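# Observations on the three-dimensional arrangement
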Amino acid sequence: VSPNGLITLCTDFGTQDAYVGIMKGVMLSVNPSLRFVDLSHDVPPQSIRIGALLLQNAVDYFPRGTVHLAVVDPGVGTARHPVVVVTDRAFFVGPDNGLLHRAAAALGLRQAYRIENEQLFRQPVSQTFHGRDVFAPVAAHLASGVPPRHAGPALDALRPLAIPEPKLLAGGVAGEVLYVDRFGNLITNIGMKELHAFPPDRVSVTIAAVSISRLVPSYASVPAGAPLLIVGSWGLLEIAVREGSAAERFGAAVGTPVSLAVGS
Amino acid sequence: VSPNGLITLCTDFGTQDAYVGIMKGVMLSVNPSLRFVDLSHDVPPQSIRIGALLLQNAVDYFPRGTVHLAVVDPGVGTARHPVVVVTDRAFFVGPDNGLLHRAAAALGLRQAYRIENEQLFRQPVSQTFHGRDVFAPVAAHLASGVPPRHAGPALDALRPLAIPEPKLLAGGVAGEVLYVDRFGNLITNIGMKELHAFPPDRVSVTIAAVSISRLVPSYASVPAGAPLLIVGSWGLLEIAVREGSAAERFGAAVGTPVSLAVGS
Amino acid sequence: VSPNGLITLCTDFGTQDAYVGIMKGVMLSVNPSLRFVDLSHDVPPQSIRIGALLLQNAVDYFPRGTVHLAVVDPGVGTARHPVVVVTDRAFFVGPDNGLLHRAAAALGLRQAYRIENEQLFRQPVSQTFHGRDVFAPVAAHLASGVPPRHAGPALDALRPLAIPEPKLLAGGVAGEVLYVDRFGNLITNIGMKELHAFPPDRVSVTIAAVSISRLVPSYASVPAGAPLLIVGSWGLLEIAVREGSAAERFGAAVGTPVSLAVGS
């Protein structure tokens, strides 16, 4: 796969502090023809898991050869490695702390390299902002055609990230809320595999002591204000309220238990 | 009018969830040379009216041939039509739920087409994220030169959107707050037509039981902290507080009544 | 220095209201090949000082010939001058109210010009939105090669901005918090000069009655949850909490006093 000059950014830097703009300035100083798409800069501070989930669910929609630059890095300055990752369809640059593993696996992981080549860095390298001094310039060089192996020695494996797995029980599934989106939709960790184990018209889901038994093809299948179950854009079971917020309705957040059962 | 390769985006998707980045990835997968400008992604969830107002007041500032992609779509998955709209100066892509009508009319509506041509879609089409699977790829094809009529059959009319109209009374106007901007300026539905019906130096406006009688040419016409009346960048009467927030001062929000009267 | 076609934007316009998108539309109407990087649009409303600090700490990371467009303009419509500024490495466009001075000085101020040439404006010029009608089109013309002196007459000096200076005392320094970033890191006004006046291993800093005596090279030098002192990406002393928020821990905000002392 060859780089296409496009770099996406996914960070927990927010948009007030100019940290993201500074990274783009550094990258354009390496190569003024690079192009950027922001995935999210509002990953909750230091939440590697939410950054990893957002990245995993976005990268498949970008053209071949895109460089995905991701920085959620509570361990900046520690022994965690900065890495470059090559997959069948795209490249990744970021800290090897679990952030990249699921997205890279989804695109067909080929090889990872530890970033050690200081010639690719911005000098001097600060101890607090590797996004600016290490990750951004390496991403820019990579997107400009520098071969990934120039970053440093090959790594055997990326650090994985544990995501809570749904538990298959005798008559159902015990899961939880993985993510709450802007609309208050509750994205659970229950996927097609678990759903397909049960007859869809007999499935019901309980959250916060409320049972919902409508697994529907679209929001419009229920009246405004009604709760519903739907397979959402992440390919996972979502609990939603039509034209409302399921998070508010059920007082739910990341980690809230969700149980799926089969009615009679 | 010919497309110029520029696409603006106006949605209620927020910027945390990567939904906007995903739409851009889909569009760049259609045509990597497209360029984007974000109008707003912080339209309040499912507020068609605020999306329509922001769009209407922004589109006039873009070059000829721009494609305006707007998605505020509480009816995703229902019978509302996805549409392409051609105007004298620009194109629109979005749901036909009132979101596009005022902006399209402002640029000289020529013809609308119902989007039905699945060859322009991203497959498979989800039931929950037509922004990604329908609107984004259609906008990308349109901006790349696919003729609008390829989208589907011509539509007779776009669905209009009712915006509260000011009421002309014997000695004044009964209006309301249409929009509150970031600075707390209160944009009313009272326009130049209503204002010109009265002598400007005798106009006073009452909001939340407070009367303001200064229709001024600029914020600087009053001391810091003083309220004022001004014709703002939307061409509508705004109630502002110099270097302060009128929304806070008057406890006002969208819908708060505003009455204009002529003093003696 | 020649313009490179890149324009950065730093404003207090927020991202909900489409004001920023409108400015980009105006600039692309002048020259469709311009490129943009957002520094921040979440400068607190009308906070010239925070806008100036963000700008000062970002501009050094952009390529030669970049135009920095900055609009934090509580005096819009008053006698404050709109200006174009030429430095050794870049250009600035904005109001001469203190916003530009420090950033321009950091890049080597050469010459400022008052913006008076109405041929460079968008007509008609509103009284409330010079960002759209004056600053954006002037920045676009400048980035497209119009010589800065075409903007208007040369100015003798830019208006400076007073930033609270640290006070050197007999056995230490009295400073304060200049900025709180997204992570809750407290950026103080104590710089390398003041720090170097004391032996680093004997320095301690007191904030909110708590003493911190760890001036460390990286966050990882202390356990998670522990407070620390570090020289941050602005080159200033920062008070941080590893994987936490110092602003929350110490109830601190912009202006909170910080005292540095030398222990025995």
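Above this note sits the structure.
Residues numbered from 1 in each chain as written. Chains lettered and ligands numbered in written order. Predicted model: local features only at pLDDT ≥ 70, side-chain atom pairs only at ≥ 80, totals over all residues. Heavy atoms only, no water.

## What about the environment of Ala226 of chain B?
Residue and element names in this part refer to chain B. Formally: Helix and strand labels come from DSSP, where a helix needs a run of H or I of at least four residues and a strand needs a run of E of at least two; each type is numbered from the N terminus. The classification of residues rests on relative accessible area computed with a 1.4 Å probe and restricted to protein chains. Under 20% of the type maximum is buried, over 50% is exposed, and intermediate values are partly exposed. Every residue pair with non-hydrogen atoms within 4.5 Å of one another is taken to be in contact.
Secondary-structure assignment places Ala226 in the loop between β12 (210–212) and β13 (227–231). Judged by relative accessible area, which is 11%, Ala226 ranks as buried. Sequence separation of Ala226 and Pro199 is 27 residues, and the distance between their C-alpha atoms is 22 Å. Once you skip the residues sitting within four places of it in the chain, Ala226 turns out to touch Arg214, Ala240, Val241 and Arg242.

## Regarding the interface of chain B and chain C
What counts here: As used here, buried area is the combined drop in accessible area, with a 1.4 Å probe, of two parts when they are placed together. Between Lys or Arg on one side and Asp or Glu on the other, a salt bridge is scored when a side-chain nitrogen of the former is within 4 Å of a carboxyl oxygen of the latter. Two N or O atoms count as a polar contact when they lie within 3.5 Å, although within protein this holds only if one can serve as hydrogen donor and the other as acceptor, and sequence-adjacent residues are included solely when both atoms are side-chain atoms. Note on residue classes: Ala, Val, Leu, Ile, Met, Phe, Trp, Tyr, Cys and Pro are nonpolar, Asp, Glu, Lys and Arg are charged, and everything else, Gly too, is polar.
At the junction of the two partners, chain B supplies 33 residues and chain C supplies 33 residues. A buried area of about 2,600 Å², summed over both sides, lies between chain B and chain C, and 54% of it is on carbon and sulfur atoms. In terms of surface lost to chain C, no three residues of chain B exceed Tyr61, Arg182 and Phe183 of chain B, which account for 29% of the buried area on that side. Remark: the boundary between chain B and chain C carries 0 salt bridges. Along the contact surface separating chain B from chain C lie 15 residue pairs in polar contact (both at pLDDT 80 or more). Those elements that place two or more of their residues in the side of chain B that touches chain C are β2 (35–40), β9 (172–180) and β13 of chain B. The element best represented in the side of chain B that touches chain C is β2 of chain B, accounting for 5 residues. Grouping the amino acids of the side of chain B that touches chain C by side-chain chemistry returns 18 nonpolar, 7 polar and 8 charged.

## Comments concerning the relation of the copies chain B and chain C
Rules: A least-squares fit on C-alpha atoms brings the copies together, and the residues used are those whose pLDDT is at least 70 in both copies.
Under the fitted operation, chain B is carried onto chain C by 0.0 Å of movement along the axis and a turn of 120°, and the coordinates agree to an RMSD of 0.0 Å. Expressed as an axis order, the relation between the two copies is that of a three-fold axis. Taken as a fraction of all interface residues of chain B, those also at the interface in chain C reach only 9%, which identifies the copy contact as different-surface.

## A look at the sheet that holds β2 of chain B
Pairing between the strands of a sheet comes from backbone hydrogen bonds, and it takes one of two forms, parallel or antiparallel. Worth spelling out the cut-off: Two strands qualify as a pair provided that DSSP identifies no fewer than 2 bridges between them. Only the contacting stretch of a helix is used when fitting its axis, a line to C-alpha atoms as for every element, and angles between N-to-C directions run 0 to 180 degrees.
Read from one edge of the open sheet, 7 strands run β2-β1-β3-β5-β4-β6-β7 (chain B), paired in mixed fashion. The two strands at the open ends of the sheet, each matched to only one other strand, are β2 and β7 (154–155) of chain B. Sheet topology note: the strand β1 (residues 6–11) of chain B/strand β3 (residues 67–71) of chain B ladder contains 5 bridges and is parallel. Looking at the pairing, Thr8 of chain B lines up with His68 of chain B of β3 of chain B. Relative to the sheet, helix α4 (residues 130–143) of chain B contacts β1, β3, β4 (82–87) and β5 (91–95) of chain B, its axis offset from that of β3 of chain B by approximately 175°. Packing of helix α1 (residues 19–30) of chain C onto the sheet brings it into contact with β1 and β2 of chain B, and relative to β2 of chain B it is tilted by some 145°.

## Some words on the packing of α1 of chain C against helix α4 (residues 130–143) of chain C
Residue and element names in this part refer to chain C. Threshold: Angles are sorted into four bins: roughly parallel if under 35 degrees, roughly antiparallel if over 145, roughly perpendicular if 65 to 115, and oblique for all others. Definitions for this section: a left-handed crossing has its near helix turned counterclockwise from the far helix by less than a right angle. A right-handed crossing has that turn clockwise.
It is at 8 Å that the axes of α1 and α4 come closest, and there the two elements cross at 45°. Here α4 runs oblique to α1, going by the angle between their axes. α1 and α4 meet at a crossing whose hand is right-handed. Within the contact between the two elements, α1 uses Ile22, Met23, Val26, Met27 and Val30 and α4 uses Gly131, Arg132, Ala136, Pro137, Ala139, Ala140 and His141. Tallied by class, the residues present in the contact of α1 with α4 amount to 9 nonpolar, 2 polar and 1 charged.

## Topic: the relation of the copies chain B and chain A
Superposition of chain B onto chain A requires a rotation of 120° combined with a translation of 0.0 Å along the rotation axis, giving an RMSD of 0.0 Å. Interface residue correspondence from chain B to chain A reaches only 9%, placing this contact among heterologous pairings that use different surfaces.

## What to know about α4 of chain B
Residues and elements named next belong to chain B. Which entries qualify depends on this criterion: For a helix, the expected span equals 1.5 Å multiplied by the number of residues minus one. Here the bend at each residue means the angle between axes fitted to two seven-residue stretches, the one ending at that residue and the one beginning there.
In this model α4 runs 18 Å from its N-terminal to its C-terminal C-alpha over 14 residues, within 8% of the 20 Å that 1.5 Å per residue would give. Along α4, the sharpest kink reaches roughly 30°, centred on Ala136 and followed within four residues by the proline Pro137. With 13 of its 14 residues buried, α4 lies for the most part within the structure. Once α4 finishes, Gly145 follows within two positions and takes phi at roughly 110°, a positive value.

## What about the interface of chain B and chain A?
Facing the 33 residues of chain B at the interface are 33 residues of chain A. Summing both sides of the interface, chain B and chain A together bury roughly 2,600 Å²; the carbon and sulfur share of this comes to 54%. Our count for the chain B to chain A interface comes out at 1 salt bridge. A salt bridge links Asp42 of chain B to Arg182 of chain A; the nearest nitrogen and oxygen atoms lie 4.0 Å apart. The interface formed by chain B and chain A contains 15 residue pairs in polar contact (both at pLDDT 80 or more). If you tally residues by element for the side of chain B that touches chain A, the top one is helix α1 (residues 19–30) of chain B, at 8 residues. Within the side of chain B that touches chain A, the residues separate by chemical class into 13 nonpolar, 13 polar and 7 charged.

## Considerations on the pairing of strand β11 (residues 203–207) of chain A
Residue and element names in this part refer to chain A. Burial analysis of β11 places 4 of its 5 residues in the buried class, the great majority of the element. Summarising the sheet, β11 and strand β15 (residues 257–262) pair through 4 bridges and their orientation is antiparallel. In the sheet register, Val203 faces β15, and the bridge partner there is Val262. For β11 and strand β12 (residues 210–212), the ladder comprises 3 bridges, and the chain directions are antiparallel. Along β12, the bridge assignment pairs Val205 with Ile212.

## Some words on the pairing of β1 of chain B
Remember that side chains alternate between the two faces of the sheet whenever the strand is regular. Residue and element names in this part refer to chain B. Convention followed: Crossover handedness is defined by viewing with both strands directed away from the observer: a clockwise path from the first strand over the helix to the second marks the crossover as right-handed.
Burial analysis of β1 places 6 of its 6 residues in the buried class, which makes it a mostly covered element. Neither face of β1 is open: one carries Leu6, Thr8 and Cys10, the other Ile7, Leu9 and Thr11, and all of them are buried. Pairing geometry for β1 and β2, over 5 bridges, is parallel. Each residue of the ladder has a partner; that of Leu6, found in β2, is Arg35. Between the parallel elements β1 and β2, the chain passes through α1 in a crossover that is right-handed.

## Comments concerning the packing of aromatic side chains
As a reminder, the rule being used: Stacked, edge-to-face and tilted are the three classes for Phe, Tyr and Trp ring pairs, Trp counted by its six-membered ring, which pair at centre distances within 6.5 Å; planes under 30 degrees apart are stacked, over 60 edge-to-face, the rest tilted.
As enumerated under the stated definition, the model contains 15 aromatic pairs over all chains in all. Geometrically, the ring pair formed by Phe13 of chain B and Tyr19 of chain B is edge-to-face, given 6.1 Å between the ring centres and 70° between the ring planes. Overall, the relative accessible area of 7% leaves Tyr19 of chain B in the buried class. Ring-pair connections join several aromatic residues into one group, and the members of that group are Phe13, Tyr19 and Phe129 of chain A together with Phe183 of chain C.

## Some points on the sheet that holds strand β6 (residues 109–114) of chain C
Residues and elements named next belong to chain C. With mixed pairing, 7 strands are arranged side by side in an open sheet as β2-β1-β3-β5-β4-β6-β7. Each having just a single partner strand, β2 (35–40) and β7 (154–155) make up the two edges of the open sheet. As paired strands, strand β4 (residues 82–87) and strand β5 (residues 90–95) are joined by 5 bridges and run antiparallel to one another. Bridge assignment links Val83 to a residue of β5, and that residue is Gly94. Along the sheet, α1 makes contact with β1 (6–11), β2 and β3 (66–71), crossing β1 at roughly 155°.

## Observations regarding unusual backbone geometry
Excluding glycine, residues mostly carry a negative phi; peptide bonds, for their part, are mostly trans. With an omega of -5°, the peptide bond between Gln123 of chain A and Pro124 of chain A qualifies as cis. Among the secondary structure elements, Pro124 of chain A is positioned in the loop between β6 (109–114) and α4 (130–143). Even without glycine at this site, Gln46 of chain C takes up a positive phi of about 70°. Residue placement: Gln46 of chain C occurs in the loop between β2 and α2 (48–56). A positive phi angle, close to 55°, is found at Glu243 of chain C, a residue other than glycine. Within the secondary structure, Glu243 of chain C sits in the loop between β14 (236–241) and α6 (246–250).

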